Amino acid sequence: EEFVVPDIEEAWEVEAEHRALSRLPMEVSSDLKWFVWNQIWRRLNGRFAAQARSDEERVRSQNRAQEDAERMNIHLRAVEATKTLTKKTLRHIKKQAELIGDTVAASIREQKWLQIARVEALALPGQFEHTLWSNFIVALRSAGMAVFFTCRNTSEGAETHKDYFEMKWVKMVR
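Within any chain, residue numbers begin from 1 and follow the written order of that chain's sequence. In keeping with the model being predicted, local features are shown solely for residues with a pLDDT of at least 70 and side-chain atom pairs are shown and tallied solely at 80 or more, while totals for entire chains, interfaces and linings include all residues. Working from all heavy atoms in the structure, the side-chain values ignore hydrogens and water.

A. Representation of the packing of aromatic side chains. A pair of Phe, Tyr and Trp rings is counted when the ring centres sit within 6.5 Å of each other, with Trp represented by its six-membered ring. The angle between the planes then sorts it: under 30 degrees is stacked, over 60 is edge-to-face, the rest tilted. One pass over the full model with this rule turns up eight aromatic pairs. Arranged with centres 5.0 Å apart and planes meeting at 85°, the rings of Phe148 and Phe149 form a pair that is edge-to-face. Judged by relative accessible area, Phe148 falls into the buried class, the value being 1%. Given a relative accessible area of 14%, Phe149 falls into the buried group. An aromatic cluster is defined as three or more aromatic residues linked by ring pairs; in this entry it consists of Trp34, Trp37, Phe128, Trp133, Phe136, Phe165 and Trp169. Lysine NZ or arginine CZ positioned within 6 Å of the ring centre and within 35 degrees of the ring normal marks a charge as sitting over the ring. Seen from the ring of Trp37, Lys162 lies directly overhead, with NZ or CZ sitting 5.3 Å from the centre. Whether a residue is buried, partly exposed or exposed follows from its accessible area with a 1.4 Å probe, protein chains only, as a fraction of its type maximum: under 20%, in between, or over 50%, in that order.

Pasting the structure below:
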């Protein structure tokens, strides 16, 4: 079952929403990266399940989506425990990762990867400075490209984009 970020703001969150980060804090970096990575895969596997041509394929994709959700929730809880990023910011990040995952699914179906590189960036969240959010979007698009090429069994393309995702991520961290 997918963990839902509740809407209730705590006192620290009200203050944090008014402090824009220029870089991702080290204490959330790894878990936030794996949160978005698993969210992209969860969304993609959920789409695969919905479009499956056989019961076996649907069940396999549903199971993968569930496993992705479980991993995603572990990382989400770890990020929340740091009290660094607000629930509002985490919901926003989740929506952006879902958009990437949906675009990867459509790109695989259409056999066209370019739309992943052009995924719309959602509005700037209050906790991110513009440059950090722009770099975050580039990193997520790269993650989406890595997932696309992994699904297409193109290891060279997948590795190139995963390496770029990792490089962009490291550059966003304090």
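Here the narrative resumes.
B. Structural detail: the environment of Ala158. In this structure, Ala158 sits in helix H7 (residues 155–172). Between the C-alpha atom of Ala158 and that of Phe148, which follows or precedes it by 10 residues, the distance is 7.4 Å. Setting aside residues up to four positions removed in sequence, Ala158 forms contacts with Ala146, Phe149 and Thr150. Under the DSSP-based scheme used, a helix requires at least four consecutive residues in state H or I and a strand at least two consecutive residues in state E, with every element numbered from the N terminus. Here, residues are in contact when the closest pair of their heavy atoms is within 4.5 Å.

C. Representation of the confidence of the model for the protein chain in the model. The predictor's confidence in any single residue is recorded as pLDDT, a number from 0 to 100. Residues at a pLDDT of 70 or more form 95% of the protein chain, whose mean pLDDT is 92. For the protein chain, the element scoring lowest by mean pLDDT is helix H1 (residues 11–16), at 78; helix H6 (residues 130–151) scores highest, at 97.

D. Focus on H6. The span you would expect from a helix comes to 1.5 Å times its residue count less one. Relative to the 32 Å expected for 22 residues at 1.5 Å per residue, H6 spans 32 Å between its end C-alpha atoms, a close match to the ideal helical length. The positive-phi residue at the C-terminal boundary of H6 is Asn153, with phi of around 55°.

E. Geometry of helix H4 (residues 87–110). End to end, H4 covers 34 Å across 24 residues, agreeing with the expected 34 Å (1.5 Å per residue, within 8%). By the criterion of burial, H4 is predominantly enclosed, with 17 of the 24 residues buried. Immediately downstream of H4, the backbone of Gln111 shows phi near 55°, a positive value.

F. Inspection of the pattern of salt bridges at higher detail. Should a side-chain nitrogen of Lys or Arg be within 4 Å of a carboxyl oxygen of Asp or Glu, the pair is scored as a salt bridge. The full count for this structure, using the stated rule, is 10 salt bridges. Among the salt bridges present, the one from Lys33 reaches Glu166, with a minimum N-O distance of 2.7 Å. Of this pair, Lys33 sits in helix H2 (residues 26–50) while Glu166 sits in helix H7, and the two are 133 residues apart along the sequence. Linked through salt bridges whose partners overlap, the residues forming this network are Arg42, Arg43, Arg47, Lys94, Glu98 and Asp102.

G. Main features of the packing of helix H3 (residues 55–82) against H4. For the pair H3 and H4, the least separation of the axes is 11 Å and the interaxial angle reads 150°. Overall, the two elements H3 and H4 adopt an arrangement that is roughly antiparallel. Along this stretch, H3 crosses H4, giving a crossing that reads as right-handed. Every residue of H4 that contacts H3 at Met72, Leu76, Val79 and Glu80 is listed here: Lys87, Leu90 and Lys94. Here the residues of the contact of H3 with H4 sort into four nonpolar, no polar and three charged. Interaxial angles span 0 to 180 degrees and are taken between N-to-C directions of axes, which are lines fitted to C-alpha atoms, for helices over the stretch in contact. For classification purposes, angles smaller than 35 degrees are called roughly parallel, those larger than 145 roughly antiparallel, those between 65 and 115 roughly perpendicular, and all remaining angles oblique. In a left-handed crossing the near helix is turned counterclockwise from the far helix by less than a right angle, and in a right-handed crossing that turn is clockwise. In this count, Pro and Cys sit with the nonpolar residues alongside Ala, Val, Leu, Ile, Met, Phe, Trp and Tyr, while Asp, Glu, Lys and Arg are called charged and the others, Gly among them, polar.

H. Structural view of the packing of H2 against H4. Closest axis-to-axis distance for the H2/H4 pair is 8 Å, and the angle between their directions is 45°. Relative to H4, H2 is oriented oblique. Every pair of crossing elements has a handedness; the one defined by H2 and H4 is right-handed. Contact residues: Leu32, Phe35, Val36, Gln39, Ile40, Arg42, Arg43, Leu44, Arg47 and Phe48 in H2; Leu90, Ile93, Lys94, Ala97, Glu98, Ile100, Gly101, Asp102, Val104, Ala105 and Ile108 in H4. Residue composition of the contact of H2 with H4, by class: 13 nonpolar, two polar and six charged.

I. Representation of the nonpolar core. What is meant by a nonpolar core is a set of buried Ala, Val, Leu, Ile, Met, Phe, Trp, Tyr and Cys residues, joined one to another through side-chain atoms within 4.5 Å. If you look at the biggest cluster of nonpolar residues, it comprises 41 residues, and the most contacted ones within it are Leu24, Leu32, Leu85, Ile93, Phe136 and Trp169. Counting residues per element, the ones that place at least two in this core are H2, H3, H4, H6 and H7. Sort the elements by how many residues they give to this core and H6 lands first, with 12 residues. In this view, Phe136 contacts Leu24, Leu32, Val36, Ile93, Phe128, Trp169 and Met172; residues no more than four positions away in its chain are not counted.

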